[in-house]
Amino acid sequence: MYKLIACDMDETLLNDQREISPKTVAAIKKASQAGVYFVPNTGRNFLTIQDNLETLDLVQKPDQYVISFNGATIVENKDLRVVDVQAMPYDVVKQLFEIGLKAGVCIHVYTVSTLYMWNVNQGEIDYLAGRVDGWEEPTQQDIAFLKDEPITKIIFNIDEEAKRHEMHAYVEEHVKTPLNITYSSDRYIEFNDPTADKGQAVVRLGEILGIKPSEIIAIGDNGNDLSMIKAAGLGVCVANGRDFVKQEANYVTSADNNHDAIAEVINKFIFNEE
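Presented here is a report on the structure given in the accompanying data block. (Residues numbered from 1 in each chain as written. Predicted model: local features only at pLDDT ≥ 70, side-chain atom pairs only at ≥ 80, totals over all residues. Heavy atoms only, no water.)

1. Brief notes about empty space enclosed by the protein
Piece 1. Taken as a whole and judged by the stated rule, the model has two cavities of 30 Å³ or more.
Piece 2. What the largest cavity holds in volume is close to 190 Å³.
Piece 3. Contributions of two or more residues to the lining of the largest cavity are made by α1 (9–13), β6 (106–111), α5 (122–128), β8 (151–157) and β10 (188–192).
Piece 4. Of the residues contributing to the lining of the largest cavity, the split by class is five nonpolar, seven polar and nine charged.
Piece 5. What the second largest cavity holds in volume is close to 60 Å³.
Piece 6. The wall of the second largest cavity is formed by 14 residues, among which L13, S21, T24, N257 and D260 lie closest to the centre.
Piece 7. Split into classes, the residues belonging to the lining of the second largest cavity amount to four nonpolar, seven polar and three charged. (1 Å grid on protein atoms, 1.4 Å probe; cavity = no way out; pocket = protein on both sides within 12 Å on 5 of 7 lines; lining within 4 Å. Points joined across faces, edges and corners; volume = space filled by probe spheres on them. Helix = DSSP H or I, 4+ residues; strand = E, 2+ residues; numbered from the N terminus. Nonpolar A, V, L, I, M, F, W, Y, C, P; charged D, E, K, R; others polar.)

2. Thoughts on the pairing of strand β9 (residues 180–184)
Regular strands place side chains that alternate from one sheet face to the opposite one.
Piece 1. With five of five residues buried, β9 is to be regarded as a mostly interior element.
Piece 2. What you see with β9 is no split at all: N180, T182 and S184 on one side and I181 and Y183 on the other are buried throughout.
Piece 3. Two successive antiparallel strands, β9 and β10, enclose a turn made up of three residues, where S185 displays a positive phi of approximately 55°. (Buried < 20%, exposed > 50% of the residue type's maximum accessible area, 1.4 Å probe, protein only. Pairing = 2+ DSSP bridges.)

3. Digging into the sheet that holds strand β7 (residues 115–118)
Piece 1. One open sheet holds the five strands; their spatial order is β7-β6-β8-β10-β9, and the pairing between them is antiparallel. Looking at strand neighbours, the two that pair on one side only are β7 and β9, the edges of this open sheet. Between one strand axis and the next, the sheet turns through 20° on average, direction left out of account.
Piece 2. The pairing of β6 with β8 spans six bridges and is classified as antiparallel. Paired with Y110 across the two strands is K153, which belongs to β8.
Piece 3. The sheet contacts of helix α4 (residues 90–103) involve β6, β7, β8 and β10, and relative to β8 the element is tilted by about 15°. (Axes fitted to C-alpha atoms, helices over the stretch in contact; angles between N-to-C directions. Contact = heavy atoms within 4.5 Å.)

4. Notes on helix α7 (residues 198–209)
Owing to its 3.6 residues per turn, the α-helix aligns residues three or four sequence positions apart on the same side.
Piece 1. With 12 residues, α7 should cover 16 Å at 1.5 Å per step; its first-to-last C-alpha distance of 16 Å lies within 8% of that length.
Piece 2. Buried within α7 we find K198, G199, A201, V202, R204, L205, G206 and L209.
Piece 3. Looking at where α7 begins, the residue whose side-chain oxygen comes 2.9 Å from the main-chain nitrogen of G199 is D197.
Piece 4. Among the residues trailing α7, G210 stands out with phi positive, at a value near 75°. (Expected span 1.5 Å × (residues − 1). Polar contact = N/O pair within 3.5 Å; in protein donor to acceptor, adjacent residues only side chain to side chain.)

5. Notes on the pattern of salt bridges
Piece 1. Counted according to the given criterion, the structure contains 16 salt bridges.
Piece 2. Between E273 and K30 there is a salt bridge, and its shortest N-O distance comes to 3.3 Å. Placement of E273 in the segment after α10 (261–269) and of K30 in helix α2 (residues 22–33) is noted, with a sequence separation of 243 residues between them. (Salt bridge = Lys/Arg side-chain N within 4 Å of Asp/Glu carboxyl O.)

6. Things to note about the environment of A255
Piece 1. When you line up the elements, A255 lands in the loop between β13 (251–252) and α10.
Piece 2. What makes A255 buried here is its relative accessible area of 12%.
Piece 3. Residues A255 and V238, 17 residues apart in the sequence, show an inter-C-alpha distance of 6.9 Å.

7. A look at the sheet that holds strand β2 (residues 37–40)
Piece 1. Sheet architecture is open: five strands sit in the order β2-β1-β11-β12-β13, paired in parallel fashion. The open sheet terminates on both sides in strands that have one partner only, identified here as β2 and β13.
Piece 2. Bridge count between strand β1 (residues 4–7) and β2: four bridges; the pairing is parallel. In the sheet register, A6 faces β2, and the bridge partner there is V39.
Piece 3. Sitting on the sheet, α10 is in contact with β1, β2, β11 (216–220), β12 (234–237) and β13, with an inclination near 160° to β11.

8. What to know about the side chain of R164
Piece 1. Assignment of secondary structure puts R164 in helix α6 (residues 161–174).
Piece 2. Within the structure, R164 has its side chain in polar contact with the backbone oxygen of D186 (distance 3.1 Å).
Piece 3. Contact partners of R164, with chain neighbours within four places excluded, come to I158, D159, Y183, D186, R187, Y188 and I189.

9. Focus: the nonpolar core
Piece 1. Residues I5, L13, F38, I217, I219, I262 and I266 are the most contacted members of the largest nonpolar core, which totals 45 residues.
Piece 2. The dominant element in this core, judged by the number of residues it contributes, is α10, at five residues.
Piece 3. Excluding residues within four positions of it along the chain, L13 makes contact with C7, D8, E19, I20, T24, I28, F38 and I262.
Piece 4. Judged by nonpolar contacts, the second largest core, of 26 residues, contains I143, L179, Y183 and I189. (Core = buried A, V, L, I, M, F, W, Y, C linked by side-chain atoms within 4.5 Å.)

Below you can see the structure in the form of structure tokens.
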């Protein structure tokens, strides 16, 4: 029996209106009432999904969790208690930051509590509307002020896929420290510490809860979801997911994120309903 569902947010749980549909809400609540953990596993800050947790009756609940920053942080919903942080070395973030500045891309730098952004463009503002409530835009073109803060990830907004791959190759050539490099939302290249990915995080949370990887369902759509899809007993890609993710999944939903893909998974694999 599956005891934990780890689920990506954007383009997976959320529809294109950035909402969770009533049918999916009902399915998640039914699973939670049956004792199955529903754990959002997102690249975003846990603070940005509190309204979604409220919709699911999971906000401020003890012994319920969110995995954020691509696995860099595990947080208990009650009092937003940080359970685990896998931060990046400052010198590595600084090197990546300088690469991003030189390339002229929009840069996100995340601490546990705050998103800082440089070179913000209108397309990025439009995409983040309804997903991220706020961020800070420092005037200085350096991150020295973050030297003593735990930095969970840094990402670049690069809209063209070919250019994301070019940046990937450039970073691998010039940054000698190992990194976890992934893609998300068909607009970002993301950099985390190698100890931080969605798969390692959900396995760590499973160990805390006494749940085996074989008892976990992981659902996602893009490259930063691959690690959890591979780590889980049942790895699922939604119908709107990328083809390379579908190839790695044990199951691909018939429905996409706009048509209750998550409810499909819960009904089929938790309650054995077709």
